[in-house]
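Structural overview for review
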Amino acid sequence: MKLREYFLIGLTSLLISGCAVNQTTRVSMLQVPEVQEAAKYRSMSVARFSGQYGEDLSLAIESAMMNAKVQDKPVYSIVARTVPSRSLKGDARSAVSVAKSQGTDAILVGEVIAATATDNRRTTSEYVCTQRKEPNKLFSSCVSGYNKTVYCTDRKASMQVQVQLLDGKSGNPVYNEAITKSLDATACGDEVLKDSRAMLGTVAGAITEAVISKLVPHDKLVDIPLLPADEQLQAKERFASGLKFAQAGRMDRACDIFRDIYDQEKNSPALNYNLGICEESSGAFWRASEYYAIADRLSHEPNKVLALALERNARNIKNSSALAENRRDLKLQSRIESGAAPQTVTQSIGKTTSPQSASPIVKVDPESLMLDRRVALVIGNAKYKKGGALLNPVNDARAMTKELRSAHFRVISVEDADLQKMNQAIDEFSRSIKKDGVALVFYAGHGMQVKGENYLIPVDAEFKEESEISYKAINVGYILSKFENAQSRVNIVMLDACRDNPLARSWRSGKGGGLASIDAPAGTLIAYATAPGKTAADGSGANGLYTSHLLQQLRVKNLKIEDILKNTRKAVAAASKQEQIPWDSSSLTGDFYFRASE
């Protein structure tokens, strides 16, 4: 039998067994905190956690709190850093004093009780085939062989953190829990075992997510499975159209279509379920519960997707009342009751696939990846007070933040930042850079050159004359100096900041637009969205042209940073018909990979 026939048989069996790829949509889902009393706080102080990895963990939680949003509105008006946790532990008066001095409603303290990575070595038996029957066939049985002893290592990374939330007025604890997370890895024979420090970093990320889920209301992008059309559905074409919009990230349009056909298709379990998603994603949990219950009653057999939706939404109903009552400033009451239209977000259909096949597997020393020494600063500025708002930078910053975090970067991310906020973020970033580590800066927004110097423009910038830019904007050279002071090994600056800036059009030295060419200092790579002196398109989609292709390349394993930028350059040049050509300057002395095959 030919290879093609084997393939068709295998594909048919998959479809028959119900293993076809599920259709999903990604929606911005309201996440209410598990600790209901924590929902009332509008500002937060985060103490530096004590114990090993405590400082890094508290910084990660602080960053997540700074970026927590509901309906694009920040959850906290202030997120401040305060004294070490040991100075506050068990001392109500100190907590009240600190909260009063910083103008915050609550203080989060913590201690890393244990952070360990242990190895267990063992042997296992592996059968090695020495002779096969019909070895040239696709499927061939083994005739003879032998058992081979293989040495394996099981590694377990675990972390336990005692977390406490103190009320700023009384100093009394609102929440107190020991959170434990762990991660297992195994390598046998010649396999490379995951680096222990990288595993602990992943565990710390899981603890950060646990703290946020327990204490902070926020929106989160969630992949939700859709149900395909029922056999009895009459308006199949319209239903299919709604599914296409949902898969493309246009859940708002999909919901309109589903509602349009509901009167004639009330007995469809799939339609009721998909309408439940519309209501749940908008925060209308009671209404979602009704749709899910109808879908469940109409179903002729148990449905795991429906069961999970009912269970998930029941938790939402249980936790949402305190949030609606305590945080009316977030406008959650109307959202929970009336169910505003879901936000349009990026599509997610079935399994995520890489934008292109990975390069041949490269053996990379885990230590050279510096997975435990990666830190990034991401800034997206769009809402400029002068010169008009930009479309993409905030989306670019959010997408880049997510991508970098998945690549083991600790990310400090700010959006629509004024000069003070940009300087604060740069200072936090510079303090976080590890010696002999990786430091990365990504900026999307307005940028300009003046007398050969490149500047990143805050959203509150207003220049009456050219000389003011030196103290009202951020000089890229100032950021480069932070690398030298921190003695990081690999430094990367990515600037999608070459958009035409109306603030500089009347200036003689800024008239040409774009950024100036800078020779990268030792150990540094600078990447620009377009060539020196040229401007780049802001883009008409969710992301800018340059950033969208850069994100795709960052997901490919076994690519050196130079290859990532080269592939990005080719893609952008082709998409823009050679009108936009990304450019970079590098003085890196070694290879750096964002991702490598394990």
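Look up: the structure comes first, before these words.
Since this is a predicted model, take the numbers as computed values, not measurements.

In this model, helix 2 (residues 54-66) (13 residues) spans 18 Å end to end at C-alpha, consistent with the 18 Å of a helix rising 1.5 Å per residue. Of all the positions in helix 2, only Gly54, Leu57, Ser58, Leu59, Ile61, Glu62, Ser63 and Met65 are classed as buried.

Glancing now at the pattern of salt bridges. Side-chain pairing between opposite charges can occur once the charged atoms of the two side chains come close. Inspection of every chain in the model, using the stated rule, returns 26 salt bridges. For Asp56, the salt bridge goes to Lys434, with nearest N and O atoms at 3.2 Å. Linking Asp56 in helix 2 with Lys434 in the loop between helix 13 (419-432) and strand 12 (438-444), this pair joins segments that are 378 residues apart in sequence. For Asp56, a relative accessible area of 31% translates into the label partly exposed.

So, about the environment of Ala425. Topologically, Ala425 is positioned in helix 13. Here the alpha-carbon distance between Ala425 and Leu377, two residues 48 residues apart in the chain, equals 7.5 Å. Not counting residues within four places of it along the chain, the set of residues in contact with Ala425 comprises Leu377, Ile412 and Val414.

Turning our attention to the pairing of strand 7 (residues 142-167). Pairing of strand 6 (residues 106-132) with strand 7 involves 25 bridges; the strand directions are antiparallel. When the bridges of strand 7 are listed, Tyr127 appears paired with Asn147. Between strand 7 and the antiparallel strand that follows it, strand 8 (residues 173-188), lie five residues; Gly171 among them carries a positive phi value of about 80°.

On the basis of which strands lie adjacent, the open sheet formed by three strands has the order 13-14-15 and antiparallel pairing. One side of each edge strand has no neighbouring strand; the edge strands of this open sheet are strand 13 (447-450) and strand 15 (474-475). As defined by bridge partners, strand 14 (residues 453-456) adjoins strand 15 across two bridges and the pair is classed as antiparallel. Counterpart to Leu456 in the pairing with strand 15 is Ile474.

For the rest of this paragraph, the subject is the packing of aromatic side chains. One pass over the structure, following the stated rule, counts seven aromatic pairs. Aromatic pair Phe239 and Phe258: ring centres 5.5 Å apart, planes at 40°, arrangement tilted. Of this pair, Phe239 sits in helix 5 (residues 236-247) while Phe258 sits in helix 6 (residues 251-260), and the two are 19 residues apart along the sequence. Each member of the pair, Phe239 together with Phe258, is buried. Measuring from centroid to centroid gives 6.3 Å for Phe429 and Phe483, while their planes differ by 80°, and the two rings are edge-to-face. Note that Phe429 is positioned in helix 13 and Phe483 in helix 15 (residues 476-486), a separation of 54 residues in sequence. You'll find Phe429 and Phe483 in the same group, each marked buried. These aromatic residues form a ring-pair network of at least three members: Phe409, Phe592 and Phe594. Over the face of the ring belonging to Phe245 we find Arg253, whose NZ or CZ atom lies 5.2 Å from the ring centre.

Rules used throughout
Residues numbered from 1 in each chain as written. Predicted model: local features only at pLDDT ≥ 70, side-chain atom pairs only at ≥ 80, totals over all residues. Heavy atoms only, no water. Helix = DSSP H or I, 4+ residues; strand = E, 2+ residues; numbered from the N terminus. Expected span 1.5 Å × (residues − 1). Buried < 20%, exposed > 50% of the residue type's maximum accessible area, 1.4 Å probe, protein only. Salt bridge = Lys/Arg side-chain N within 4 Å of Asp/Glu carboxyl O. Contact = heavy atoms within 4.5 Å. Pairing = 2+ DSSP bridges. Phe/Tyr/Trp six-rings, centres within 6.5 Å; stacked < 30°, edge-to-face > 60°. Lys NZ or Arg CZ within 6 Å of the ring centre and 35° of its normal.

Just distances and angles here, no functional claims.
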